[in-house]
Amino acid sequence: MLIKYYDVIHDYYAIKDIDKFGEELGSSLGLNAEETRIFIESQKEQLIKDYQNFDLKDYPSEKTILDYISPSSQSAPFAIGKLYYLYIITDFQIPSSDGPWTVWDRNDAMYDSYLGTMAIQMQAPGSANVVNDGGYYIVTVSGENSGDNIYAWGVNGWMEEAARNIGYYDSNGDGRTTDDMARSIKTWSGADSVIVLYYTHDDMGAYAVGPDQGYADKGAISYWGRSIYGRFSSVPGSYEHESLHLYGALDEYAGASYCGQQSILSVSPMHEMYSNTNHVNCPYSTNSVMRDPYSTNGISLSSMRFIGWGDYDSDGILDPLDGTPWG
Ligand SMILES: [Zn+2]
């Protein structure tokens, strides 16, 4: 049966339709309809796991459908345990009109980072055992900052260049270095999660990079607020807001995300269990740092669930630590 799938030139089995292949394999092996269905489903699950773990060489094989978005695929899967924040003070060869970083502005940004990340620690449930840790690098990258785009977070972007310029290298050959940097820090610090935040001395805005851009959970925060929102310097809420995105939370303000949306930023099982219930368009939406980042530091119940502080089956064990989170 496999002979007809064999691509002689490229020396591999060119299986493009998993359903069709599964049906054929099932009938040649003598599987019944139910066994064939299970086989096809398992094969699809395995493929998804392989994609999610492409840069992790040895991943556990005993995972189930609950691991669609494997926690092992991100450096900051949820906000539990020791949380390490790596700040990368980034200057560009071609500085913005605000010029390179000054010591005063850098210290101000670092202090606001402390307040913003401390606000997360203070709101964590006791069973999450949250304790903050952190450190920083100062680095210069080539070119100029053009904002939230592939020139920042792409394989050839300045975030990867920054990691190389600091001294890390692509040890697993996946084309990125931020993953090696995050893994290295996780190893020597003993942290459960590592968040990488790039600080730029301009007004290009703040954003979190999605999980499709490699293992390292990373984001950028400009010292000056975007001019369209009125120019203001660094506030603690920005650091808290972007960090919560990287743990899995969605925006809750108008024009971003929507009421009832599942979070692409959260890993299993939170990804499957929860949806945005505190978006400004949801009934009973309350003031929160994901909804009103410059006026509050409060984390909504909805965001708490996304970042691993929920207890879906009410058994007293937080979802990420619960072997049977559904009950
Ligand atoms: Zn946001």
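Cut-offs used in this document
Throughout, residues of each chain are indexed from 1 in the direction in which the sequence is written. Predicted model: local features are reported for residues with pLDDT of at least 70 only, side-chain atom pairs are reported and counted for 80 or more only, and whole-chain, interface and lining totals are derived from all residues. Side-chain descriptors were evaluated using all non-hydrogen atoms of the structure, hydrogens and water having been removed beforehand. Runs of E in the DSSP output that reach at least two residues are strands. Runs of H or I that reach at least four are helices, and both are numbered from the N terminus. Note on method: radius of gyration uses C-alpha positions; expected globular size equals 2.2 Å times residues raised to 0.38. Summary of the burial criterion: residues with accessible area below 20% of their type's maximum are buried, those above 50% are exposed, and those between are partly exposed, where the area comes from a 1.4 Å probe applied to protein chains only. What makes two residues a contact is simply this: any of their non-hydrogen atoms within 4.5 Å. Shrake-Rupley sampling with a 1.4 Å probe provides the accessible areas, and residues are treated as covered by the protein chains on show and by no other component. By the counting rule applied here, Lys and Arg register as positive and Asp and Glu as negative, while His and the ends of each chain are not counted. For this purpose, a charge sits on NZ of Lys, CZ of Arg, CG of Asp or CD of Glu. The split of the chain into domains comes from an automatic or database domain assignment. Two strands are said to pair when DSSP picks up at least two bridges between them. Disulfide assignment relies on a single distance test, namely cysteine sulfur atoms paired within 2.5 Å. A helix is expected to span 1.5 Å for every residue after the first.

### As for the overall build of the protein
Scanning the protein from N- to C-terminus turns up nine helices and seven strands. Over its C-alpha trace the protein gives a radius of gyration of 22 Å, about what one expects of a compact globule, namely 20 Å for 327 residues. Counting all 327 residues of the protein, 50% fall into the buried class. Put simply, of all contacts in the protein between residues at least 6 apart along the chain, 61% involve residues at least 24 apart. Surface summary for the protein: the accessible area is close to 15,600 Å², and the carbon and sulfur share equals 55%. Treating the 19 positive side-chain charges of the protein as one cloud and the 45 negative ones as another, the clouds have centres 3 Å apart.

### Comments concerning the domain arrangement of the protein
Accessible area lost upon the coming together of the parts serves often as the stated size of an interface. Here the domain parsing of the protein yields domain 1 (2–52) and domain 2 (75–250). Its C-alpha centre places domain 1 at a distance of 41 Å from the equivalent point of domain 2.

### Remarks on the pairing of strand 7 (residues 217–222)
Along strand 7, six of the six residues are buried, which leaves the element largely enclosed by surrounding structure. Neither face of strand 7 is exposed, since D217, G219 and I221 on one face and K218, A220 and S222 on the opposite face are all buried. Strand direction decides the pairing type here: strand 5 (residues 193–200) and strand 7, joined by six bridges, are parallel. The partner of Y198 across the bridge, within strand 7, is A220.

### Here's the deal with the state of the cysteines
The final tally for this structure, using the stated rule, is one disulfide. A disulfide bridge connects C259 with C282, and the sulfur atoms are separated by 2.1 Å. Looking down the S-S bond of the C259 and C282 bridge, the torsion is 115°, so its handedness is right-handed. Of this pair, C259 sits in the loop between helix 7 (236–247) and helix 8 (270–273) while C282 is found in the loop between helix 8 and helix 9 (301–306), placing the two residues 23 residues apart along the sequence. For C282, a relative accessible area of 6% puts it in the buried group.

### A word on helix 7
Every α-helix carries 3.6 residues per turn, so stepping three or four residues along brings you back to the same face. With 12 residues, helix 7 ought to run about 16 Å at 1.5 Å a step, and its terminal C-alpha atoms sit 17 Å apart, in line with that. Burial analysis of helix 7 places 11 of its 12 residues in the buried class, which makes it a mostly covered element. For helix 7, the full list of buried residues reads G237, S238, Y239, E240, H241, E242, S243, L244, H245, L246 and Y247. Phi turns positive one or two residues past the end of helix 7, at G248, with a value near 130°.

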